[in-house]
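# Inside the fold
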Amino acid sequence: MNTQLDWFKILTDCKNNVEDTIKPHLKTLNEPQPDLGEGAGGDAMKPIDLAAEKAIVNTLQDHGISFSLISEESGFEKYGNTPEECYVTIDPIDGTTNLLRGLPFYASSIAISRKPFIAEVYAALVTDLYHDITYMAQKNKGAYRDGERIKPSQISNLQEAVIGMDLNSYKVAEIAPKLTDLIQQTRHIRHYGANALELCYVANGLTDAFVDIRGKLRTTDAAAGFLIVKEAGGLITDINNQSVNVKLDPRQSLNFVASGNAKIHNTILGLVKS
Ligand code: IPD
Ligand code: CA
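What this report covers is the structure whose coordinates are included nearby. (Residues numbered from 1 in each chain as written. Chains lettered and ligands numbered in written order. Predicted model: local features only at pLDDT ≥ 70, side-chain atom pairs only at ≥ 80, totals over all residues. Heavy atoms only, no water.)

### Description of the packing of helix H5 (residues 195-203) against helix H6 (residues 219-232)
It is the contact of H5 with H6, at a shortest axis distance of 8 Å, that shows an interaxial angle of 0°. In terms of orientation, H5 lies roughly parallel with respect to H6. Contacts between H5 and H6 involve Ala 196, Leu 199, Cys 200 and Ala 203 on the former and, on the latter, Asp 221, Ala 222, Gly 225, Phe 226, Ile 228, Val 229 and Ala 232. (Axes fitted to C-alpha atoms, helices over the stretch in contact; angles between N-to-C directions. Helix = DSSP H or I, 4+ residues; strand = E, 2+ residues; numbered from the N terminus. Parallel < 35°, antiparallel > 145°, perpendicular 65-115°, else oblique. Contact = heavy atoms within 4.5 Å.)

### With respect to the pattern of salt bridges
As a working rule, side chains carrying opposite charge can pair if their charged atoms are close by. Tallied over the full model, the rule gives 12 salt bridges. Taking the shortest distance from any N to any O, the salt bridge between Lys 9 and Asp 13 comes out at 2.8 Å. Taken together, the residues Lys 9 and Asp 13, both in helix H1 (residues 7-26) and 4 residues apart, mark about one turn of the helix. By relative accessible area, Lys 9 is classed as partly exposed at 44%. Linking Asp 20 and Lys 23 is a salt bridge whose minimum nitrogen-to-oxygen distance equals 3.5 Å. Here the residue Asp 20 and the residue Lys 23 both occupy positions in helix H1, the gap between them amounting to 3 residues, near one helical turn. By relative accessible area, Lys 23 is classed as partly exposed at 47%. Beyond isolated ion pairs, a larger network of salt bridges with shared partners links Asp 43, Glu 72, Arg 218 and Asp 221. (Salt bridge = Lys/Arg side-chain N within 4 Å of Asp/Glu carboxyl O. Buried < 20%, exposed > 50% of the residue type's maximum accessible area, 1.4 Å probe, protein only.)

### Here's the deal with unusual backbone geometry
With phi around 55°, Asp 132 is a residue other than glycine that occupies positive phi space. For Asp 132, the location among the structural elements is in the loop between strand E5 (121-128) and strand E6 (133-138). For Asn 140, which is not glycine, the phi torsion reads 65° and is therefore positive. Tracing the backbone shows Asn 140 in the loop between E6 and strand E7 (143-145). For Asn 140, a relative accessible area of 72% translates into the label exposed.

### Let's talk about H1
Compared with the 28 Å implied by 1.5 Å per residue over 20 residues, the 27 Å span of H1 between its first and last C-alpha is a close match. Considered for burial, the residues of H1 that qualify are Trp 7, Ile 10, Leu 11, Cys 14, Lys 15, Val 18, Glu 19 and Ile 22. On its buried face, H1 is in contact with helix H2 (47-62), strand E3 (87-94), strand E4 (107-113), E5 and E6. (Expected span 1.5 Å × (residues − 1).)

### Observations regarding the sheet that holds strand E8 (residues 148-149)
Backbone-to-backbone hydrogen bonds join strands into a sheet, with any given pair of strands oriented parallel or antiparallel. Strand order in the open sheet formed by 8 strands is E2-E1-E3-E4-E5-E6-E7-E8, and the pairing between neighbours is mixed. At either end of the open sheet lies a strand with only one pairing partner, and these are strand E2 (75-79) and E8. Of the pairings in the sheet, the one linking E5 to E6 comprises 6 bridges and is antiparallel in character. Of the residues in E6, the one forming a bridge with Val 126 is Tyr 135. The sheet contacts of H1 involve E3, E4, E5, E6 and E7, and relative to E5 the element is tilted by about 30°. (Pairing = 2+ DSSP bridges.)

### Observations concerning the nonpolar core
Counting 39 residues, the largest nonpolar core has Leu 197, Leu 199, Phe 226, Ile 228, Leu 254 and Phe 256 as the members making the most contacts within it. Elements with a contribution of two residues or more to this core: E4, E5, E6, H5, strand E11 (209-218), H6 and strand E13 (253-259). The leading source of residues in this core is H6, at 8 residues. If we skip the residues at most four places from it in the chain, Leu 197 touches Asp 94, Phe 105, Tyr 106, Ala 107, Val 126, Asp 128 and Tyr 135. Core analysis: the second largest hydrophobic core is formed by 30 residues, Ile 10, Tyr 79, Ile 110 and Leu 129 among them. (Core = buried A, V, L, I, M, F, W, Y, C linked by side-chain atoms within 4.5 Å.)

### Remarks on the site of ligand 1
Residues in contact with ligand 1 amount to 17 residues; listed here are only the nearest, Asp 91, Asp 94, Gly 95, Asp 166 and Asn 195. The contact in question runs from an oxygen atom of ligand 1 to an N or O atom on the side chain of Asp 91, over 2.9 Å. One of the backbone N or O atoms of Gly 193 is found 3.2 Å from an oxygen atom in ligand 1. For ligand 1, the accessible surface in isolation is 380 Å², of which the surrounding protein chains cover 87%. Listing elements by their share of the shell around ligand 1, those giving two or more residues are E3 and E11. Of the residues belonging to the shell around ligand 1, the class tally is 3 nonpolar, 6 polar and 8 charged. (Near = heavy atom within 4 Å. Polar contact = N/O pair within 3.5 Å; in protein donor to acceptor, adjacent residues only side chain to side chain. Areas by Shrake-Rupley, 256 points an atom, 1.4 Å probe, with all protein chains shown as cover. Nonpolar A, V, L, I, M, F, W, Y, C, P; charged D, E, K, R; others polar.)

Set out below in structure tokens:
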């Protein structure tokens, strides 16, 4: 059974391979980066995105794992003889814009599940590729940052809280009014530009919540971060306080509020308009 594998070791090998593979690409970022066409998630692919994807696929194959890949770049691919045993949902580089511009906030995200649904993810890794900091979780085994167990924040007061909010959208005129009350009452709002990692910041208590209700974030960006938040002890629901269990698919988007504790979660949900 794939669930019995040492996923912390396998995912760490994946991340090490991604880091080694992208090193030469990072040195050429001052040169124009060719577009390699549209990826499965709908964005333009850059050589570094595909290089990171290949590093993850190669590492899993080296471990002899059969799997179905669900990637923001190549979409659906099958590897090995029994690919339906294990789904691997990846965003090889989350925060490509940051990376290409030298902004130090981008990540690699890998989620392992038995079925292609976000609530089925049982092992996850998100690596901050700039700072080489790794967040991992396994179902019922907790969440870790570089091997140390993490817990989310207990801050519940919006005046003290730091809340991540993604408002990147051409439809901002529709979305912003839903968030006006929350924005008005929140003193410290942030958006760093790599939502997989921003979920880990909630898991680790660096921020107190993260809100993305644009209807735009792909499951490939969120799959690993969801498990990491939940295993750390945080909460993730939709704006109606319902659990989110969407299909893992590069074209599938999702809305969510992720919080460090129930008190701030309820406060936020009470202020977000549906
Ligand atoms: C993007 C980042 C960004 C979010 C975008 C995502 P990508 O991921 O997570 O913060 O605003 O919606 O697409 O495209 O760099 O993998
Ligand atoms: Ca990406």
